[in-house]
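Structural overview
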Amino acid sequence: MIKENIIKLKRRIPSSITIVAVSKGRTMDEIKEAIEAGINDIGENRVQEALAKYYQLPEVRWHMVGHLQTNKVKEALRIFDLIQSVDSLRLADEIDKQASRINKVQDILIQVNTAGENSKFGLKPDDTVEVMSEIAKFKNINIKGLMTIAPIVDNPQKTRPYFRMLRELKDEINTLNIKHTTLNILSMGMTDDFAQAIEEGSNMIRLGRAIFD
Ligand SMILES: *Cc1c(COP(=O)(O)O)cnc(C)c1O
């Protein structure tokens, strides 16, 4: 099933778009099947769960897509190629501090709460430029792009304004010439809305159910 899902998805999705298989709650066998079918990027929401899986599959790229607490940063830095959920200066400060101790430059995305939902993490769109300018000063952090989670809606077409907002924010930031910062990655789109996200400019989608169910 997983293999068939991935074959179908790869037929639909241009190869320029990175598919991150979000494997929270999935077994090692399920993850291995996804990798055998051509997945190279695995996303997890919790550091603890990711650690256990990482040591069995260190060869793929690991993405942190869930909220990261500062007391988990040290462990997160050991395993994640891309931390997609940086949502505060305080968290970035801790990432920079811990990364410098192990001589790592950590790739991150800034998570933006495009719909302004109280239930979601992420910077307010209006605060993003200011906070990002501060994060860009950290030597051991490399900001690669932006991430958002669209609200749950009855019709996926209603997600478009949020995806568009993220794309416009990225374009705006790239005109500002913030030190060492050119944003290339737009991580947006999940199982229910990845088609809309891609049409609005996504180049990284995060799929759980579309792959594993
Ligand atoms: C679980 C999760 C996904 C995948 O969700 P699906 O709707 O199953 O595709 C993507 N992004 C984040 C941040 C998640 O927590």
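Structural notes, computed from the coordinates. (Residues numbered from 1 in each chain as written. Predicted model: local features only at pLDDT ≥ 70, side-chain atom pairs only at ≥ 80, totals over all residues. Heavy atoms only, no water.)

**Some thoughts on a negative patch on the surface**
Together, Glu-4, Asp-29, Glu-33 and Glu-36 line one region of the surface with negative charge. Top element by residues in the negative patch is helix H2 (residues 28-36). It accounts for three residues. Tracing the backbone shows Glu-4 in helix H1 (residues 2-12). (Patch = residues over 30% accessible without salt bridge, like charges linked within 9 Å, V, L, I, M, F, W, Y side chains within 5 Å. Areas by Shrake-Rupley, 256 points an atom, 1.4 Å probe, with all protein chains shown as cover. Salt bridge = Lys/Arg side-chain N within 4 Å of Asp/Glu carboxyl O. Lys, Arg positive; Asp, Glu negative; His and termini not counted. Charge placed at Lys NZ, Arg CZ, Asp CG, Glu CD. Helix = DSSP H or I, 4+ residues; strand = E, 2+ residues; numbered from the N terminus.)

**Some points on the site of the ligand**
Near the ligand, the surroundings consist of Val-22, Lys-24, Asn-45, Val-65, Ile-149, Met-190, Thr-191, Arg-206, Leu-207, Gly-208 and Arg-209. In the model, an oxygen atom of the ligand is placed 3.0 Å from a nitrogen or oxygen of the Asn-45 side chain. Between Thr-191 and the ligand, the recorded distance is 2.4 Å, taken from a side-chain N or O atom to an oxygen atom. Look at the ligand: alone it shows 390 Å² of surface, and the protein chains cover 88% of it. (Near = heavy atom within 4 Å. Polar contact = N/O pair within 3.5 Å; in protein donor to acceptor, adjacent residues only side chain to side chain.)

**Overview of the nonpolar core**
Soluble globular proteins tend to pack their nonpolar side chains together in the buried interior. By size, the foremost hydrophobic cluster in this structure holds 61 residues, and its most contacted members are Ile-110, Ile-135 and Ile-211. When sequence neighbours within four positions are dropped, the list of residues in contact with Ile-110 reads Gln-84, Val-86, Leu-123, Thr-128, Met-132, Ile-135, Ile-143, Gly-145, Leu-146 and Met-147. (Core = buried A, V, L, I, M, F, W, Y, C linked by side-chain atoms within 4.5 Å. Buried < 20%, exposed > 50% of the residue type's maximum accessible area, 1.4 Å probe, protein only. Contact = heavy atoms within 4.5 Å.)

**Observations concerning helix H3 (residues 47-54)**
Residues Val-47, Ala-50, Leu-51, Lys-53 and Tyr-54 constitute the buried set of H3. Looking at the buried residues of H3, the elements they touch are H2, strand S2 (41-44), strand S3 (61-64) and helix H4 (73-79).

**Comments concerning the environment of Met-188**
Its location among the elements puts Met-188 in the loop between strand S7 (185-187) and helix H8 (194-199). For the pair formed by Met-188 and Gly-201, sequence separation is 13 residues and the distance between their alpha carbons is 8.8 Å. Dropping the residues within four chain positions of it, Met-188 is found in contact with Thr-148, Phe-163, Leu-166, Ala-197, Glu-200, Gly-201, Ser-202, Met-204, Ile-205 and Arg-206.

**Quick notes on the pattern of salt bridges**
Any two side chains of opposite charge can pair, given that their charged atoms come close. Per the counting criterion, the structure on display carries 15 salt bridges. Note that Glu-200 and Arg-160 form a salt bridge whose closest N and O atoms lie 3.0 Å from each other. Placement of Glu-200 in the loop between H8 and strand S8 (204-207) and of Arg-160 in helix H7 (residues 160-175) is noted, with a sequence separation of 40 residues between them. One connected set of salt bridges, linked through shared partners, spans Arg-160, Arg-164, Arg-167, Glu-199 and Glu-200.

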